[in-house]
There are 2 protein chains.
Amino acid sequence: MKACVLYSGGKDSSLMAVILSRLGYDVDLVTVNFGVFDSYIPASMSAKSLNFNHVVFHMDQSILEEAVKIIMNDGFPNNGIKYLHEEVLEAISSKYEIIADGTRRDDRTPKINKDQIKSLEDRHNIQYVNLDSFGYKMINSLVSKLFELSYEKRCLAVSCYYRKAWHSQIVQYEGRRVLSPPASSLNCMHCKMSKTGRCGFSSETTVWRERQTVVLLLKL
Amino acid sequence: MKACVLYSGGKDSSLMAVILSRLGYDVDLVTVNFGVFDSYIPASMSAKSLNFNHVVFHMDQSILEEAVKIIMNDGFPNNGIKYLHEEVLEAISSKYEIIADGTRRDDRTPKINKDQIKSLEDRHNIQYVNLDSFGYKMINSLVSKLFELSYEKRCLAVSCYYRKAWHSQIVQYEGRRVLSPPASSLNCMHCKMSKTGRCGFSSETTVWRERQTVVLLLKL
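Position numbers for residues count from 1 along each chain, tracking the sequence in the order it is written. Throughout, the order in which chains and ligands are written sets their labels, letters from A for the former and numbers from 1 for the latter. The predicted origin of the model limits local features to residues at a pLDDT of at least 70 and limits the giving and counting of side-chain atom pairs to 80 or more, whereas totals for whole chains, interfaces and linings rest on all residues. With hydrogens and water stripped out, all remaining heavy atoms of the structure feed into the side-chain values.

Colleague: Just to check I follow, could you spell out the interface of chain B and chain A for this structure?
Modeller: Note on interface size: it is often stated as the accessible area lost on association of the parts. Note on definitions: a residue-residue contact is assigned when non-hydrogen atoms from the two residues lie within 4.5 Å. With 28 residues of chain B in contact, the opposing surface of chain A contributes 28 residues. Accessible-area loss on putting two parts together, using a 1.4 Å probe and summing over both, is the definition of buried area adopted here. Around 2,600 Å² of area is buried between chain B and chain A when both sides are counted, 54% of it from carbon and sulfur atoms. Of all residues in chain B, B:Leu23, B:Arg105 and B:Met138 give up the largest surface area on contact with chain A, accounting jointly for 27% of the area buried on that side. Each reported salt bridge corresponds to a side-chain nitrogen of Lys or Arg within 4 Å of a carboxyl oxygen of Asp or Glu. At the junction of chain B and chain A, the tally comes to two salt bridges. For B:Arg105, the salt bridge is made with A:Glu121, and the minimal N-O distance between the two is 3.1 Å. Under this definition, polar contacts are N or O atom pairs within 3.5 Å; protein pairs additionally need one hydrogen-donor-capable and one acceptor-capable atom, and for neighbouring residues in sequence, both atoms have to be side-chain atoms. In this structure, the connection of chain B to chain A is made through 18 residue pairs in polar contact (both at pLDDT 80 or more). Breaking the side of chain B that touches chain A down by element, the ones donating at least two residues are helix H1 (11–22), helix H5 (114–124), strand E5 (127–131) and helix H6 (136–146) of chain B. Tallying contributions element by element places H6(B) first for the side of chain B that touches chain A, with six residues. Only Asp, Glu, Lys and Arg are considered charged, only Ala, Val, Leu, Ile, Met, Phe, Trp, Tyr, Cys and Pro nonpolar, and every remaining residue, Gly among them, polar. Looking at the side of chain B that touches chain A residue by residue, the class counts come to 14 nonpolar, six polar and eight charged. Under the scheme used here, helices are H or I runs from DSSP no shorter than 4 residues and strands are E runs no shorter than 2 residues, and both carry numbers assigned from the N terminus.

Colleague: Would you mind going over unusual backbone geometry with me for this structure?
Modeller: Across residues other than glycine, the phi torsion is negative in most instances, and most of the peptide bonds are trans. Residue A:Pro110 is bonded to the preceding A:Thr109 through a cis peptide linkage, with omega at -5 degrees. Topologically, A:Pro110 is positioned in the loop between strand E4 (98–104) and helix H5 (114–124). With a phi close to 70 degrees, B:Asn51 is a non-glycine residue in the positive phi region. Along the polypeptide, B:Asn51 turns up in the loop between helix H2 (40–49) and strand E3 (53–58).

Colleague: Honestly, the pairing of strand E1 (residues 2–6) of chain A in this entry has me stumped. Any pointers?
Modeller: Strand residues, when the strand is regular, have side chains that alternate between the two faces of the sheet. Residue and element names in this part refer to chain A. Buried, partly exposed and exposed residues are distinguished by accessible area as a fraction of the type maximum, computed with a 1.4 Å probe on protein chains only: under 20%, between the cut-offs, and over 50%, respectively. With four of five residues buried, E1 lies mostly within the body of the structure. If DSSP finds at least two bridges between two strands, the strands pair. Pairing geometry for E1 and strand E2 (residues 26–33), over five bridges, is parallel. Paired with Lys2 across the two strands is Asp26, which belongs to E2. When the strands point away from the viewer and the path from the first strand over the helix to the second turns clockwise, the crossover is right-handed. Regarding topology, helix H1 (residues 11–22) serves as the crossover connection from E1 to the parallel E2, and that connection is right-handed. Where E1 meets E4, two bridges bridge the pair, whose relative direction is parallel. Paired with Cys4 across the two strands is Ile99, which belongs to E4.

Colleague: Sorry if this is basic, but what is going on with the relation of the copies chain B and chain A here?
Modeller: Copies of the same chain, two in number, are related to each other by a rotation about an axis and a translation along it. Its rotation angle being 180 degrees, the transformation that places chain B on chain A also includes 0.0 Å of axial translation and leaves an RMSD of 0.0 Å. The symmetry that links the two subunits is that of a two-fold axis. A shared binding surface is used by both copies, with 100% of the interface residues of chain B retained as interface residues in chain A. The copies were overlaid by least squares, fitting only the C-alpha atoms of residues that reach a pLDDT of 70 or more in each copy.

Colleague: How should the nonpolar core be read in this particular structure?
Modeller: A general tendency of soluble globular proteins is for nonpolar side chains to be buried together. A:Leu20, A:Tyr25, A:Phe134, B:Leu20, B:Tyr25 and B:Phe134 are the most contacted members of the largest nonpolar core, which has 56 residues in total. Once you skip the residues sitting within four places of it in the chain, A:Phe134 turns out to touch A:Ile19, A:Arg104, A:Arg105, A:Ile139, A:Leu142, B:Leu23 and B:Val129. The term nonpolar core refers to a set of buried residues drawn from Ala, Val, Leu, Ile, Met, Phe, Trp, Tyr and Cys, joined through side-chain atoms within 4.5 Å.

Colleague: Quick question: what am I supposed to make of the pattern of salt bridges here?
Modeller: Proximity of charged atoms lets side chains of opposite charge pair with each other. Considering all chains together, one arrives at 18 salt bridges over all chains under this definition. Salt-bridge contacts for A:Lys82 lead to A:Glu86; the nearest nitrogen and oxygen are separated by 2.9 Å. One end of the pair is A:Lys82 and the other is A:Glu86, both in helix H4 (residues 78–92) and four residues apart, which spans about a single turn. For A:Glu86, a relative accessible area of 26% corresponds to the partly exposed category. In this structure, the salt-bridge partner of B:Asp132 is B:Lys111, at a minimum N-O distance of 2.8 Å.

By themselves, these observations are geometric and do not establish any function.
Here it is, written out as structure tokens:
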């Protein structure tokens, strides 16, 4: 049976994909794109190296713009990222019967709660799966066990799709390249682990500079 | 790395074991016994047929007695079962670094919440895993995909270890065999699915009569 994993190219969504694959599901790794930034390229590289089918799912830029408005109004990213995540889940639920993402027990944003899961599942007749079974230590242990990192240089900031899309939009909103975003906007709640480098992605938030793309390889 | 799955012999804990095994863990299926009832026998049969190591973990009967007191005082089983589950998790946490059980997103009792998980993990330096990633439909689908049921006759009521232990204690408390427990006590919250037969276990609560033991076999 086909399952979709919303895919950033990071370790959590990669782990989700491996779990479903090992339970016998035919997994599509789906990276959402809003037509602003080619953030799906590093994700597609990881998907390829993990031997999964990779799909770029195009969504309207207006959704991203709305998310950015929420973020700019709030002055912090949580609600905007949450809005984006929920819009993506709603849209992809019409395409697959099993929808998974890499959100885990310790995550706060983006995260849908039990009532939202039930609503999503019932309205679309789908099954939603995430990494709630596991805590961060277990996930780190699983990731070390399952993956190795390969570094490849390219001219693209590598981060989760929320973060990239958001930065890209800030660039558009402010009409200039954001080289030093304000401190309050540095803390992307989706890939917050990246601040310590444990996410596998760069901890820097400056966009458009040359850096290494992290590609995950399956060890076992 | 070694992982313990608290094991009733049912589909949820069996699924938990298969997931960890497919992620590369060396799984012990651990069935708790309070020295009252040989409830570990059907679990050991399923464990064997699934090709897992099975361990019977003996705990003091006083814990079961305390659980029964709570149930009798409350007039319904939730708090007593919750107490039992927490005592089991505390005890087993000194024996393994990874502790898993078959509780899932839709379960209410027994279930430990996020604060309890964090406390358990931090105090014992362990990792706790359950089936919170999955809803009941996904678990049913996975179970159909992974397991087939084999029925074997033996003289033992087959149910989850909470339920068996609880009934057995009621027998002791009341000094007689309970052939028709009051309706309020029929609804075991741990294996509530058994009322519709979907659990794979008998929906009857009369103990000690001959019935079929359900043994799980791995299909894939």
